[in-house]
Amino acid sequence: MRFEQYQRLLDHVLGSCIDEKTVQDPRQIHPVELAYIGDAVFSLYVRRRLLPVSSHVQVLHDLAARMVSAVMQAKAMDALEADLTEEESQIARRGRNTKSTVPKSASVREYRQGTAFEALMGYLYLMDQKERLHELMDRSFVLIQQAMLAERNKKK
């Protein structure tokens, strides 16, 4: 996308969000947009879980960044998949199959699985399924915490 086109899009979006708009049916939202929301939801959840345990912002930031990485989200998604409903599995599959540029910090599989995780979190949030969202985020946090502890113990 050219710079001028990008600037026009920025201006359009900024001008369009003056009045609050209702979000369309989450089942109709593109998986990348669901993942965009899901990333923010899970990131905030992780930060809220970490906040009470330390006043060292750098430590909190480093842990949060690692916990919301594609690699860790992929591990969580792998563990959650067997327990998803058909509707949740369909959303995760749509997120996983979305084409996007994969960063160097994750494999293609990890990145796609992480996107599936984020899309599912975004979907549950937008569908206002708070109980299910918190259940899956709680389980994911523990799974990610265990994976990170196991990695640290291997390095010792």
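Novice: Honestly, the layout of surface pockets in this entry has me stumped. Any pointers?
Specialist: Space left empty within the atom packing is revealed by a probe, the size of a water molecule, rolled over the atoms. Considered as a void within the structure, the largest pocket measures approximately 490 Å³ in volume. For the largest pocket, the lining is made up of 13 residues, of which Val 23, Ile 29, Glu 33, Tyr 36 and Ile 37 are closest to its centre. Tallying contributions element by element places helix 2 (residues 31-50) first for the lining of the largest pocket, with five residues. Per-class residue counts for the lining of the largest pocket are seven nonpolar, four polar and two charged.

Novice: Looking at this model, I keep getting lost on helix 4 (residues 70-80). Mind explaining?
Specialist: Three- or four-residue spacings in an α-helix give side chains the same orientation, since the helix completes a turn every 3.6 residues. Along helix 4, eight of the 11 residues are buried, which leaves the element largely enclosed by surrounding structure. Looking at helix 4, one finds that the buried residues are Ala 70, Val 71, Met 72, Gln 73, Ala 74, Ala 76, Met 77 and Leu 80. Those residues of helix 4 that are buried are in contact with helix 2, helix 3 (57-67), helix 5 (86-96), helix 6 (108-126) and helix 7 (130-155).

Novice: Please clarify how the packing of aromatic side chains should be interpreted in this entry.
Specialist: In this description, an aromatic ring pair is defined by two values, namely the gap between the centres and the angle between the planes. As enumerated under the stated definition, the model contains three aromatic pairs in all. Consider the rings of Phe 42 and Phe 117, whose centres lie 4.9 Å apart with planes at 85°: the pair is edge-to-face. One end of the pair, Phe 42, is in helix 2; the other, Phe 117, is in helix 6, with 75 residues separating them in the sequence. Each member of the pair Phe 42 and Phe 117 is classed as buried.

Analysis parameters
- Residues numbered from 1 in each chain as written.
- Predicted model: local features only at pLDDT ≥ 70, side-chain atom pairs only at ≥ 80, totals over all residues.
- Heavy atoms only, no water.
- 1 Å grid on protein atoms, 1.4 Å probe; cavity = no way out; pocket = protein on both sides within 12 Å on 5 of 7 lines; lining within 4 Å.
- Points joined across faces, edges and corners; volume = space filled by probe spheres on them.
- Helix = DSSP H or I, 4+ residues; strand = E, 2+ residues; numbered from the N terminus.
- Nonpolar A, V, L, I, M, F, W, Y, C, P; charged D, E, K, R; others polar.
- Buried < 20%, exposed > 50% of the residue type's maximum accessible area, 1.4 Å probe, protein only.
- Contact = heavy atoms within 4.5 Å.
- Phe/Tyr/Trp six-rings, centres within 6.5 Å; stacked < 30°, edge-to-face > 60°.

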